[in-house]
Amino acid sequence: MNWIENILIIAGISLDIFAAMEIEGAMLADVKRKSLIIACTLVALLQLIFFFGGYFTCYQIEKYEVLKNAEGVGYIVAVVVFALLGVRLIAKAIKREFIHERRRDGIRVRDYIKIIAVTSFYTLVAGCACGFVGTSVIMMAIVILTCSVLVVVGGLYTGYHFGFESKTGAYVVGAILLWIAGGEILLRSVLHVI
């Protein structure tokens, strides 16, 4: 996959974390730098662990030819995974879950571990798809680190200044990014149209 697809994939997946951090930011009385650094580090670390866990597992399957035509299978898996992840984000946007808003002094990352873990599971699946098709490990690490920091900081400050109503838009944008990446992979690598 090329670098544009990789950025679209990680950004699309990370917008779920953006929405969670936006909710957290809407409830903060003050954003503390230490808590923000801890949140960025935790999210980036989880994203890296899950992505490369899936990546190296499926890369080994492709490398040792456990599956026939693993790269072709990987592209199809990637298209299906990104389409389903987009549908999941749209469902979350439509659902518009109730949030009990209350002010607090600091970021409570442990309350969002579940959301981050679920998103990390999707990162694992995306890593698996990337492992089948072969993606630059260094580039993906840079993209994941950059996106993780941007979505945590951006989500917290967006929520802190504007509330959490734009989370629906984040879900929709994330879905669109994943569908664009999946569509490009479908046209270029599966159907060979581009």
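Preceding block: the structure.
These notes cover the structure that comes with them. (Residues numbered from 1 in each chain as written. Predicted model: local features only at pLDDT ≥ 70, side-chain atom pairs only at ≥ 80, totals over all residues. Heavy atoms only, no water.)

## Digging into the state of the cysteines
Here the structure, examined in full by the defined rule, presents one disulfide. Residue pairing for Cys58: its cysteine sulfur links by disulfide to Cys128, the two sulfurs lying 1.9 Å apart. The chirality of the disulfide connecting Cys58 with Cys128 is left-handed, given an S-S dihedral of about -50 degrees. With Cys58 in helix H2 (residues 33–63) and Cys128 in helix H4 (residues 113–133), the pair connects residues that are 70 residues apart, well separated along the chain. For Cys58, a relative accessible area of 3% puts it in the buried group. Unpaired in this structure, Cys130 has its nearest cysteine sulfur neighbour in Cys128, at a distance of 9.4 Å. On the basis of relative accessible area, Cys130 is assigned to the buried category, the value being 0%. (Disulfide = S-S within 2.5 Å. Helix = DSSP H or I, 4+ residues; strand = E, 2+ residues; numbered from the N terminus. Buried < 20%, exposed > 50% of the residue type's maximum accessible area, 1.4 Å probe, protein only.)

## What about the packing of aromatic side chains?
Under the definition given, this model contains seven aromatic pairs. Summarising the aromatic geometry, the rings of Tyr55 and Phe56 are spaced 5.2 Å apart at their centres and angled 90 degrees between planes, so their arrangement reads as edge-to-face. A residue is classified by how much of its surface remains accessible, and Tyr55, at 4% relative accessible area, is buried. Residue Phe56 is classed as partly exposed on the basis of its relative accessible area of 39%. An angle of 5 degrees between the planes, with centres 5.9 Å apart, marks the rings of Tyr55 and Tyr59 as stacked. Placement of both Tyr55 and Tyr59 in helix H2 is noted, with a separation of four residues, approximately one turn of the helix. Tyr59 sits in the partly exposed class, given a relative accessible area of 30%. (Phe/Tyr/Trp six-rings, centres within 6.5 Å; stacked < 30°, edge-to-face > 60°.)

## Overview of the nonpolar core
Counting residues in each nonpolar core, the largest one holds 49 residues, and the members touching the most others are Ile9, Ile10, Phe51, Phe82, Val152 and Ile185. Per element, the largest residue contribution to this core is 10 residues, and it comes from helix H1 (residues 3–26). If sequence neighbours within four positions are ignored, Val152 has contacts with Ile17, Met21, Leu36, Ala39, Cys40 and Val43. (Core = buried A, V, L, I, M, F, W, Y, C linked by side-chain atoms within 4.5 Å. Contact = heavy atoms within 4.5 Å.)

## Quick word on H1
When the terminal C-alpha atoms of H1 are compared, their 33 Å separation across 24 residues agrees well with the 34 Å that a helix rising 1.5 Å per residue should span. Leu15 marks the point of greatest bend in H1, at about 30 degrees. With 21 of 24 residues buried, H1 lies mostly within the body of the structure. (Expected span 1.5 Å × (residues − 1). Bend = angle between axes of the 7 residues up to and from the residue.)

## Some thoughts on a nonpolar patch on the surface
There is a patch of nonpolar side chains on the surface, built from Val87, Val172, Ile176, Trp179 and Ile180 and spanning about 410 Å² of accessible area. When residues of the nonpolar patch are assigned to their parent elements, the largest contribution, four residues, is made by helix H6 (residues 167–190). Among the structural elements, Val87 can be located in helix H3 (residues 70–95). Classification of Val87 by relative accessible area gives partly exposed; the value is 48%. (Patch = residues over 30% accessible without salt bridge, like charges linked within 9 Å, V, L, I, M, F, W, Y side chains within 5 Å. Areas by Shrake-Rupley, 256 points an atom, 1.4 Å probe, with all protein chains shown as cover. Salt bridge = Lys/Arg side-chain N within 4 Å of Asp/Glu carboxyl O.)

Worth remembering: the numbers are spatial, not functional.
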